[in-house]
Amino acid sequence: MTHWIIMPIVLPAFLAPFIVLAARYHIGIQRVFSLAGVAALVVLSASLVWQVSDGSVLYYRLSDWAAPFGIVLVGDRLSTMMVLLTSVLALFVLLYAIGSGWDDRGRHFHALFQFQLMGILGAFLTGDLFNLFVFFEVLLIASYGLMIHAGGNERLRAGVQYVLFNLIGSTLFLFALGSIYAETGTLNMADLSNRVAMIGAEETVGIRIAAVLLLLVFAIKAALVPLHFWLPSSYAEAPAPVAALFAIMTKVGAYAIIRVYTMIFPPDLEATMGLHEVWLLPAALVSLAIGMIGVLAARKLDRLVAFSIIGSMGMVMVAISLFDPASIAAALYYIIHSTLAGAVLFLIADLVRTGRGNLDLTPQQPMIGTHMTAGMFFAGAIAMAGLPPLSGFLGKLLVLNASFEADLMVWVWAIVLGSSLVSVVGFARAGSVVFWKAHGTPVGEPVEGTGKPAALSYVAIGGLFALLVAHTVFAGKVHGYTTAIATELFDHKTYMSIVLETPGKLSDYKGGH
Amino acid sequence: MELLVASAIGVLTAAGIYLVLRLRTFPVILGMSLLTYAVNVFLFASGRLTIGAPPILSDDVTTYTDPLPQALVLTAIVISFGMTAVVVMISLGAYLGSDDDHVDDQPESTGSEASQ
């Protein structure tokens, strides 16, 4: 049994307290360790992806107890891909945080950052529903700290809303887990998959309630309308590198929906029939529309980006809720794209803040470093709005293509294409107000507190753009890989047999006391 | 006993939701605590209610209680305790900073962001 698969969880878990205990007053040492840790994570997760790329499944029993009694970690192609995406994103976000000096504006940024990574990576790797809850809590409690990093009244207010909303989500998650355990007597995902299929047709009341509760919890995480109200203010008020890292957090919800609703409650399960077409798809379409209308209506650049995240999550959820291999493959392709594009836009919004001091969408004098920032915003907007030549366009094409067979195909096409147009107008309006109209306004004294962004900030954003370009150029390969993932998800025999049939430690009962 | 436990969970949940909907920091935190108590009892009951039965294997016992929900509840209690502490600190900071304990955005106090 190889231990590599637990390393992405153990490494940040040890690094974070080390940073707190040993390097509390030395921001330089903190940066070195944090950066080295994330770089090691990238290498680790790349090697995990390489190990499972032939369709094998990595499997780890904690304390060697066999499933379903012990907690297991499972790395198949889907989870390792998400792990790699997270660590690569974290690397560039960390570079930006160091370059822009955000990590020095409050305390313990790097320790919280590592705990956040631990939670996210654990949520991707675990094969146990209760363990998923625990990792959700780890990532949430770290995100509470990161969200209010550097303080300020507005940020604290938004932080309270964010924390309370997520606490209610966690409570709901526990209710769902309790009902699942009461109905089936297990919380291991592979074991649940077998047992849920065995529930008789007339006894499905409890499990149906549990399935819907669980979907609600994941929909809160994925910011699906009408459960999206926590997202705009918290993402807009969070420090820019934190908001960029949060771009992966909504995808944790999407990942959990893909995992649980292909494995435990597959689309052909009679008890939960209609959950996806009747409820999830309309909600996803409304999210897409509301997100992109929000882009058009926003009065500040950070709100605009936050609403574009809601819109792109709507897009991901539209693809997921069609629930066939082609649409899941499209969703996974779009998840990678929207994570990178969302992160890039949050970082660019911070460049604007650095250059002119605020993010209001009003004509002001040209900001410092306006040419570079304007060019980057242009490219980021193209990516997010889904125009050619960047990968958002290909992702939308794949989603549209996958929806050909769907009953609501007309609605999907109308809303996807209509919302694209709305978002193009929204981004164009924001870009022209912030960058073009600036040249017509009289130049006065430079605003206090502004300055030129650091070179490292540009490197971080440039790196994310390079990934987006690579995601476009190698779209065929990536889509082939996501198609393989989707096929594997709907035919999960390897996963099941490895988790349920590998023997573990036996407890030695000698009787008596 | 089932009726008693079920109605207790129901009353706790209802009171928790009512308090959360008050949208002022103090009632909301109290409501969240009531909700977590409710969910803890609910988790506990998910392994079926048994009286006076041991959770550990031994030779002279025939009925057992399920030990797993107890472990789950323990985890949930610890997590919710920590979360409550965090939310108390953050909302205290927000209240002291802005002299306002509304949880939702107030149109007049947020100025230029009233549209949101």
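Residues numbered from 1 in each chain as written. Chains lettered and ligands numbered in written order. Predicted model: local features only at pLDDT ≥ 70, side-chain atom pairs only at ≥ 80, totals over all residues.

Let's talk about the overall build of chain A
Then, in step 1: Within chain A, the regular secondary structure consists of 20 helices and two strands.
Then, in step 2: Compactness check: chain A gives a C-alpha radius of gyration of 23 Å against a globular reference of 24 Å for 513 residues, within 12% of the reference.
Then, in step 3: Overall, chain A is about 85 × 60 × 40 Å in size when its C-alpha atoms are taken along their principal axes.
Then, in step 4: By residue count, 58% of the 513 residues in chain A fall in the buried class.
Then, in step 5: Across chain A, contacts joining residues at least 24 apart in sequence account for 80% of those joining residues at least 6 apart. (Helix = DSSP H or I, 4+ residues; strand = E, 2+ residues; numbered from the N terminus. Rg over C-alpha atoms; globule rule 2.2 N^0.38 Å. Buried ≥ 20, exposed ≤ 12 C-beta atoms within 10 Å, placed from the backbone. Contact = placed C-beta atoms within 7 Å.)

Here's the deal with the overall build of chain B
Then, in step 1: Of regular secondary structure, chain B possesses three helices and zero strands.
Then, in step 2: Secondary structure elements of chain B, listed N to C terminal, follow the sequence α-α-α.
Then, in step 3: Projected onto the principal axes, the alpha-carbon positions of chain B cover approximately 70 × 25 × 20 Å.
Then, in step 4: Across the 116 residues that make up chain B, the buried fraction comes to 28%.

Some words on the UniProt feature "domain: NADH:quinone oxidoreductase/Mrp antiporter transmembrane" (unreviewed entry) in chain A
Then, in step 1: Here, UniProt's "domain: NADH:quinone oxidoreductase/Mrp antiporter transmembrane" (unreviewed entry) annotation points to residues 127-419 of chain A.
Then, in step 2: Secondary structure content for residues 127-419 of chain A is 76% helix and 0% strand, and the end C-alpha separation is 36 Å. (UniProt positions renumbered as here; feature names shortened; annotations may be inferred.)

Focus on the interface of chain B and chain A
Then, in step 1: In this assembly, 30 residues from chain B lie in contact with 30 residues from chain A.
Then, in step 2: When residues of the side of chain B that touches chain A are traced back to their parent elements, those giving at least two are helix 2 (25-45) and helix 3 (67-98) of chain B.
Then, in step 3: Grouping the amino acids of the side of chain B that touches chain A by side-chain chemistry returns 18 nonpolar, 11 polar and one charged. (Nonpolar A, V, L, I, M, F, W, Y, C, P; charged D, E, K, R; others polar.)

Structural notes on helix 14 (residues 325-356) of chain A
All names here are of chain A.
Then, in step 1: With 32 residues, helix 14 should cover 46 Å at 1.5 Å per step; its first-to-last C-alpha distance of 46 Å lies within 8% of that length.
Then, in step 2: The buried fraction of helix 14 amounts to 29 of the 32 residues, a majority that puts the element mostly inside the structure.
Then, in step 3: Gly-357, located one to two residues past helix 14, shows a positive phi value of around 90°. (Expected span 1.5 Å × (residues − 1).)

Notes on the UniProt feature "transmembrane region" (unreviewed entry) in chain B
Then, in step 1: Annotation from UniProt places "transmembrane region" (unreviewed entry) at residues 6-21, 28-51 and 71-96 of chain B.
Then, in step 2: In the segment residues 71-96 of chain B, helix accounts for 100% and strand for 0%; the C-alpha atoms at its two ends are 38 Å apart.

With respect to the packing of helix 15 (residues 370-385) of chain A against helix 17 (residues 409-436) of chain A
All names here are of chain A.
Then, in step 1: Two numbers describe how helix 15 lies on helix 17: the axes approach to 10 Å, and their chain directions differ by 175°. Here helix 15 is positioned roughly antiparallel relative to helix 17, judged by the angle of their axes. Contacts between helix 15 and helix 17 involve Thr-370, Ala-374, Phe-377, Phe-378, Ala-381 and Ala-385 from the former and Ser-420, Ser-423, Val-424, Phe-427, Gly-431 and Phe-435 from the latter.
Then, in step 2: In terms of residue class, the contact of helix 15 with helix 17 is made up of eight nonpolar, four polar and no charged. (Axes fitted to C-alpha atoms, helices over the stretch in contact; angles between N-to-C directions. Parallel < 35°, antiparallel > 145°, perpendicular 65-115°, else oblique.)

Let's talk about the nonpolar core
Residues and elements named next belong to chain A.
Then, in step 1: Judged by nonpolar contacts, the single largest core of 217 residues is most densely connected at Val-318, Ala-319 and Leu-347.
Then, in step 2: The leading source of residues in this core is helix 14, at 20 residues.
Then, in step 3: Setting aside chain neighbours within four positions, we find Val-318 in contact with Leu-281, Ala-284, Leu-285, Leu-288, Val-399, Val-412 and Val-416. (Core = buried A, V, L, I, M, F, W, Y, C linked by C-beta atoms within 7 Å.)

Some thoughts on helix 17 of chain A
All names here are of chain A.
Then, in step 1: Given a rise of 1.5 Å per residue, 28 residues ought to cover 40 Å, and the 39 Å separating the end C-alpha atoms of helix 17 matches this to within 8%.
Then, in step 2: For helix 17, every residue scored as buried is listed here: Val-412, Ile-415, Val-416, Ser-419, Ser-420, Val-422, Ser-423, Gly-426, Phe-427, Ala-430, Val-434 and Phe-435.
Then, in step 3: Of the surrounding elements, those touching the buried residues of helix 17 are helix 12 (275-297), helix 13 (301-322), helix 14, helix 15 and helix 16 (391-402).

A word on the environment of Ala-39 of chain A
All names here are of chain A.
Then, in step 1: Here Ala-39 lies in helix 2 (residues 27-52).
Then, in step 2: According to the C-beta neighbour criterion, Ala-39 is partly exposed, with 14 such atoms within 10 Å.
Then, in step 3: Residues Ala-39 and Phe-92, spaced 53 residues apart in sequence, show a C-alpha to C-alpha distance of 10.0 Å.

Section: the packing of helix 16 of chain A against helix 17 of chain A
Residues and elements named next belong to chain A.
Then, in step 1: Between helix 16 and helix 17, whose axes approach to 10 Å, the crossing angle comes to 165°. The pairing of helix 16 with helix 17 is recorded here as roughly antiparallel in orientation. The handedness of the crossing between helix 16 and helix 17 is left-handed. Contacts between helix 16 and helix 17 involve Lys-396, Val-399 and Leu-400 from the former and Trp-413, Val-416 and Ser-420 from the latter.
Then, in step 2: Within the contact of helix 16 with helix 17, the residues separate by chemical class into four nonpolar, one polar and one charged. (Left-handed = near helix turned anticlockwise from the far one by under 90°.)

A closer look at unusual backbone geometry
All names here are of chain A.
Then, in step 1: With an omega of 0°, the peptide bond between Ala-67 and Pro-68 qualifies as cis.
Then, in step 2: Relative to the elements of secondary structure, Pro-68 occurs in the loop between strand 1 (58-61) and strand 2 (72-75).
Then, in step 3: Following Val-225, the chain continues into Pro-226 via a peptide bond in cis, with omega recorded as 5°.
Then, in step 4: Inspection of the secondary structure assignment puts Pro-226 in the loop between helix 8 (205-221) and helix 9 (231-237).
Then, in step 5: Its identity is not glycine, yet Ser-63 carries a phi of approximately 60°, on the positive side.
Then, in step 6: Relative to the helices and strands, Ser-63 resides in the loop between strand 1 and strand 2.
Then, in step 7: Look at Phe-323: it is not a glycine, yet its phi comes out positive at around 50°.
Then, in step 8: Note on placement: Phe-323 falls in the loop between helix 13 and helix 14.

Observations concerning the confidence of the model for chain A
Then, in step 1: The predicted model of chain A averages 91 in pLDDT, with 99% of residues at 70 or higher.
Then, in step 2: No element of chain A has a lower mean pLDDT than helix 20 (residues 493-501) of chain A, which averages 88, and none a higher one than helix 4 (residues 109-125) of chain A, which averages 96. (pLDDT = per-residue confidence, 0-100.)

A word on the pairing of strand 2 of chain A
All names here are of chain A.
Then, in step 1: Of the two faces of strand 2, the one holding Val-72 and Val-74 and the one holding Leu-73 and Gly-75 are both buried throughout.
Then, in step 2: As defined by bridge partners, strand 1 adjoins strand 2 across four bridges and the pair is classed as antiparallel. Across the sheet, the residue bridging to Tyr-60 is Leu-73, located in strand 2. (Pairing = 2+ DSSP bridges.)

Some thoughts on the environment of Ile-415 of chain A
Residues and elements named next belong to chain A.
Then, in step 1: Relative to the helices and strands, Ile-415 is located in helix 17.
Then, in step 2: Linking Ile-415 and Val-316, residues 99 residues apart in sequence, is a C-alpha distance of 13 Å.
Then, in step 3: Those residues in contact with Ile-415 that lie beyond four places of it in its chain are Leu-285, Leu-288 and Ala-289.

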